[in-house]
Amino acid sequence: MGSELSFNRRSALRILGATLALSVTCVGGPYAAMSEGKPPNVILIMSDDMGMSDIEPFGQTIVRTPALMELAREGVRFSNFHVLPVCSPTRAALLTGVDIHLAGLGTMGGVRPLEAQQGEGYLGMLNDGVKTIAEVLEESGYTTFISGKWHLGSTPTTIPPSRGFDRSYVMLDGGGSHWDHLGLLSVKPETTFQEDGKVVERPAGVFSSDLFTDKFLFYLKDAVQQGKPFMGYLALQAVHDPLHAPKALIDKYKGRFSAGYDVHRREVFERMKEMGVIPAATELDATPPLFKPWSELTRAERAHQERLMEVYAAMLENMDANIARVLDALREAGVYNDTIIIFLSDNGPSAAYMDAYFPNADGKWIAETFDMSFDNIGAPRSFVGVGPGWASASATPFRLFKTFLTEGGTRSPLIVKMPAVKNPGGMYASFVGVEDLFPTLMELTGAERGDTRKGVPLAVLKGASIAASLRGERNLVHGPDYERAEEFWGQKTYRKGNWKLIWLPVPFGTGQWQLYDTSTDPGETQDLALRQPDLLAELSQKYERWADEHNVVRWDYNYLNAMGFDHYNWAKGMRSQAGFDLSGHQ
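Not measured: the values here are computed from a predicted model.

J.: It is not clear to me how the overall build of the protein chain should be interpreted in this structure. Could you clarify?
T.: A count of helices and strands for the protein chain gives 16 helices and 19 strands. Taking 586 residues into account, the globule formula puts the C-alpha radius of gyration at 25 Å, and the protein chain, at 22 Å, falls close to it. Dimensions of the protein chain, computed from C-alpha atoms along their principal axes, come out at roughly 65 × 55 × 50 Å. By residue count, 63% of the 586 residues in the protein chain fall in the buried class. A separation threshold of at least 6 residues defines the contact pool for the protein chain, and within that pool the share at least 24 residues apart is 76%. Total accessible area on the protein chain stands at roughly 21100 Å², and carbon and sulfur atoms take up 52% of it.

Take a look at the structure:
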């Protein structure tokens, strides 16, 4: 039976590769023509904390995501698409097209040392020098709406109604229960929901993706009836921890991950190579020593880890089912062929257990508030994270995961389906940044951003339009020597073409600049810094100039360690699920 299953999997891969028509050199007519003279509608769909290979179009081997497969067949995929390593900075870059240090999101949440509090770039929320794509399109006659996670500010000037959304149903927080009002952090034990700027009670017992999609479809129906072009943003909370999902879906995956995260990582890696998502010569490096090899786990530990991934998989399937509901609603309304649909994730997979969030570090709130029993995992009042073993599998073959400026923290799946797209089913391997989507939508809709927002000069756009690639006019989105810098929580990167210069503190990096050729080594396994001293000097000098121009602060690493980095510091030992008792499940 084992050999038969292996044969079927290989056969399925060959069929899938043919179905998706992976070659970017193929030529073909437009998939669907847009209505004559009408600006396109826009739908943005964002998942939360999802690995690039967690969905079928990018290499997933167990969880089926047919709606996203459909989008991939009808649109194009980008296998070298990059976001920021955490939630709200990516959301800011997506909606504004501006560098996060100019938009107010140079940091996130409560991580704000004294120096970072001194400028407009480190507010932890949108500042007044940026305009969202919703504001731009609203000014161009679009109806705009959002449903889902906001995480870009909770003040009167930073909530969705003040940022261009005509209708809004949002969780203002960065995370919380998928079943009820319980929050993510002991310092804010309940989430805050707003509809159209007014606080509302979150209904209990409705799973988050279902809840947000229900409201999104309500807004969508109303927008279609208005007869104007529309822009909708569905910011799903899944698959952010805590891990929750409907029980029937969890049960469906029982036993599907019994081979463990080491085997799953290798299988996904091989499938990604076969599909062309990563170069065939890519090497799979060792994972960070944050977790035991599967073979060394006890029976109880394996059962716990299996259940975590069963819930995670159920969240993914439910997410895809809700995306299917959106696609069906667009077809039923007769506007599917007139709509640009963009799907992405906000950062790489999270390796956290729930005490990784610094207010929860002592475990007291977790123990007092939640039911941490094995049988309750995934149900209301469960409070678990997927952890580093499965996160490393989801980040395959990239280094590290959410929080870090490595490829594992910043590579995200991107699928774009649009009217008159060329090369449907194709895949582009050239670099694209999340900030490129804002100018792309401006070009495709004909909207103009202007120079000011309420009298305040707008910060310069960081991104560049990828519309020409979507139209099949060129394969390279950016030129071969395109340059881009990033910084987050003291981590630094500078890219020039395929070269990536990166600095990470020990033990995540060397505490020195490292240099990688991402065209052949996306896993960042071969540091070429000593072989390319001139290039290293050039790029490091360019980074410092960029940092000065963008008022980047010099972080205190002792502070950053205390605020969360130490949770991933393998030099200080392996982490386990806070408050979880394995003794009752042997």
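So, next bit.
J.: Is there a simple way to explain unusual backbone geometry in this structure?
T.: With glycine set apart, most residues show a phi of negative sign, and most peptide bonds adopt trans. The omega torsion of the bond from A238 to V239 falls at 15 degrees, within 30 degrees of zero and hence cis. Looking at the element boundaries, V239 is found in the loop between strand 9 (230-235) and helix 7 (247-252). P397 follows T396 through a cis peptide bond whose omega is -5 degrees. Here P397 shows up in the loop between helix 11 (387-394) and helix 12 (407-410).

J.: Teacher, can you tell me more about the packing of aromatic side chains here?
T.: Applying the stated criterion across every chain, the model contains 33 aromatic pairs. Through a chain of ring-to-ring contacts, the aromatic side chains of Y253, F257, Y261, F291, W294 and W390 assemble into a single cluster. The ring of F218 carries the charged tip of K215 above its face, separated from the ring centre by 5.7 Å. Seen from the ring of Y336, R331 lies directly overhead, with NZ or CZ sitting 4.4 Å from the centre.

J.: For this particular structure, what's the right way to read the nonpolar core?
T.: Of all hydrophobic cores here, the largest spans 179 residues; its most connected members are F78, M231 and Y233. Apart from the residues within four sequence positions on either side, Y233 is in contact with L44, M46, R91, L94, L95, F145, I146, S147, F165 and F216.

J.: What's the story with the pattern of salt bridges in this structure? I'm lost.
T.: Side-chain pairing between opposite charges can occur once the charged atoms of the two side chains come close. Under the defined criterion, the tally for this structure stands at 39 salt bridges. Measuring nitrogen to oxygen at the nearest pair gives 2.9 Å for the salt bridge that ties R167 to D196. Remark: D196 occurs in the loop between strand 7 (193-195) and strand 8 (198-200) and R167 occurs in strand 4 (residues 167-171); sequence separation between them is 29 residues. In this structure, E486 engages R484 in a salt bridge whose closest nitrogen and oxygen atoms are separated by 3.2 Å. Neither E486 nor R484 differs from the other in exposure class; each is buried. A single network of salt bridges, built from pairs that share partners, joins R399, E407, R411, R495, K500 and E524.

J.: Looking at this structure, how should I read the sheet that holds strand 17 (residues 491-496)?
T.: Across a sheet, strands are paired by hydrogen bonds formed along the backbone, either parallel or antiparallel in direction. Reading across the sheet, the four strands line up as 16-17-18-19 and stay open at both edges, with antiparallel pairing between neighbours. Across the chains shown, the open sheet's two edge strands, defined by having one partner strand only, are strand 16 (483-488) and strand 19 (513-517). Averaged over all pairs of adjacent strands, the angle between strand axes in this sheet comes to 15 degrees, irrespective of strand direction. Each of strand 16, strand 17, strand 18 (499-503) and strand 19 touches helix 15 (residues 533-549); the most contacted strand, strand 17, lies at about 120 degrees to it.

J.: Please clarify how the pairing of strand 10 (residues 339-345) should be interpreted in this entry.
T.: For a regular strand, the rule is simple: side chains alternate between the two faces of the sheet. Most of strand 10 sits inside the fold, with seven of its seven residues counted as buried. Two elements, strand 1 (residues 41-47) and strand 10, share seven bridges in a ladder whose sense is parallel. The residue bridging L44 from the neighbouring strand is I342, located in strand 10. As paired strands, strand 10 and strand 11 (residues 411-417) are joined by four bridges and run antiparallel to one another. Bridging from a neighbouring strand, I341 pairs with K417 of strand 11.

J.: What is the right way to read the confidence of the model for the protein chain from this model?
T.: Caution applies to low-pLDDT parts of the model: their predicted coordinates are not meant to be read in detail. Residues at a pLDDT of 70 or more form 92% of the protein chain, whose mean pLDDT is 92. Here residues 1-34 is a poorly scored stretch, pLDDT under 50, and it has 55 contacts once near neighbours within four places are set aside; other chains count.

J.: Explain the environment of W294 to me, please; I cannot follow it from the model alone.
T.: Tracing the backbone shows W294 in the loop between helix 8 (261-275) and helix 9 (299-332). Overall, the relative accessible area of 5% leaves W294 in the buried class. C-alpha separation for the pair W294 and D527, spaced 233 residues apart in sequence, amounts to 28 Å. Excluding its chain neighbours within four sequence positions, the residues that come into contact with W294 are F257, S258, A259, G260, Y261, D262, R302, Q305, E306 and W390.

J.: When you look at the packing of helix 6 (residues 208-226) against helix 9 in this model, what are you seeing that I'm missing?
T.: Each pair of packed helices gets described by two things: the angle between the helix axes and the distance between those axes. Put simply, helix 6 and helix 9 touch, their axes get as near as 10 Å, and they point 10 degrees apart. By the angle class used here, helix 6 and helix 9 are roughly parallel. Two secondary-structure elements touch here, helix 6 through S209, D210, T213, D214, F216, L217 and L220 and helix 9 through N318, N322, R325, V326, A329 and L330. Tallied by class, residues from the contact of helix 6 with helix 9 come to six nonpolar, four polar and three charged.

J.: Is there a simple way to think about the side chain of T339 in this case?
T.: Its location among the elements puts T339 in strand 10. In contact with T339, not counting residues within four places along its chain, are N41, V42, I43, F230, L330, K417, M418 and P419.

J.: For this particular structure, what's the right way to read the packing of helix 8 against helix 11?
T.: In contact at an axis separation of 8 Å, helix 8 and helix 11 are set at 10 degrees when each is read in the N-to-C sense. As the angle between them shows, helix 8 and helix 11 are arranged roughly parallel. Seen from helix 8, the contacting residues are Y261, H264 and R265; seen from helix 11, they are G389, W390, S392 and A393. The residue makeup of the contact of helix 8 with helix 11, split by class, is three nonpolar, three polar and one charged.

J.: Please clarify how the pairing of strand 2 (residues 76-82) should be interpreted in this entry.
T.: Counting buried positions along strand 2 yields seven of seven residues, so the element is predominantly enclosed. As paired strands, strand 2 and strand 11 are joined by five bridges and run antiparallel to one another. Opposite F78, over in strand 11, you have L414 as the bridge partner. Relative to strand 12 (residues 427-428), strand 2 is paired through two bridges, and the arrangement is parallel. Directly across from R77, in strand 12, lies its bridge partner M427. As paired strands, strand 2 and strand 13 (residues 432-433) are joined by two bridges and run parallel to one another.

J.: Could you clarify how one ought to interpret helix 3 (residues 87-96) in this entry?
T.: Since the α-helix advances by 3.6 residues per turn, residues separated by three or four positions end up pointing in the same direction. Here helix 3 lies mainly inside the structure; ten of its ten residues are buried. Of all the positions in helix 3, only C87, S88, P89, T90, R91, A92, A93, L94, L95 and T96 are classed as buried. Just downstream of helix 3 lies G97, where phi reads positive at about 75 degrees.

J.: Explanation requested: the environment of G523 in the structure shown.
T.: Following the sequence through the fold, G523 ends up in the loop between strand 19 and helix 15. Separated by 435 residues in the primary sequence, G523 and S88 place their C-alpha atoms 25 Å from one another. Leave out the neighbours within four places in its chain, and G523 touches P397, F398 and R399.

About the cut-offs
- Residue positions within a chain follow its written sequence, with the count starting from 1.
- This being a predicted model, a pLDDT of at least 70 is required before a residue's local features are given, and a value of 80 or more before pairs of side-chain atoms are given or counted; all residues contribute to the totals for chains, interfaces and linings.
- Side-chain metrics in this entry use all non-hydrogen atoms of the structure; hydrogen atoms and water are not considered.
- Helix numbers and strand numbers start at the N terminus; a helix is a DSSP run of H or I with at least 4 residues, a strand a run of E with at least 2.
- Note that the radius of gyration is over C-alpha atoms, with the globule rule given as 2.2 Å times the number of residues to the power 0.38.
- Exposed residues in this analysis have more than 50% of their type's maximum accessible area, buried residues have under 20%, and partly exposed residues fall in between, with area computed by a 1.4 Å probe over protein chains only.
- In what follows, residue pairs with any heavy atoms lying within 4.5 Å of each other are defined as contacts.
- Note on areas: these come from Shrake-Rupley sampling with a 1.4 Å probe, and a residue is covered only by the protein chains present in the view.
- The criterion for an aromatic pair is that two Phe, Tyr or Trp rings (for Trp, the six-membered ring) have centres within 6.5 Å, with stacked assigned to planes under 30 degrees apart, edge-to-face to planes over 60 apart and tilted to the rest.
- We call a charge positioned over a ring when the NZ of a Lys or the CZ of an Arg lies within 6 Å of the ring centre and within 35 degrees of the ring normal.
- Each nonpolar core is a collection of buried residues, namely Ala, Val, Leu, Ile, Met, Phe, Trp, Tyr and Cys, held together in the definition by side-chain atoms within 4.5 Å.
- The salt bridge definition used is simple: a Lys or Arg side-chain nitrogen within 4 Å of an Asp or Glu carboxyl oxygen.
- For two strands to be treated as a pair, DSSP must find no fewer than two bridges joining them.
- All axes here are fitted lines through C-alpha atoms, helices being fitted over the stretch that makes contact, and every angle between N-to-C directions spans 0 to 180 degrees.
- Each residue carries a pLDDT score, the predictor's own confidence in it, on a scale running from 0 to 100.
- Between 65 and 115 degrees an angle is taken as roughly perpendicular, under 35 as roughly parallel, over 145 as roughly antiparallel, and anywhere else as oblique.
- Note on residue categories: nonpolar means Ala, Val, Leu, Ile, Met, Phe, Trp, Tyr, Cys or Pro, charged means Asp, Glu, Lys or Arg, and polar means any other residue, Gly included.

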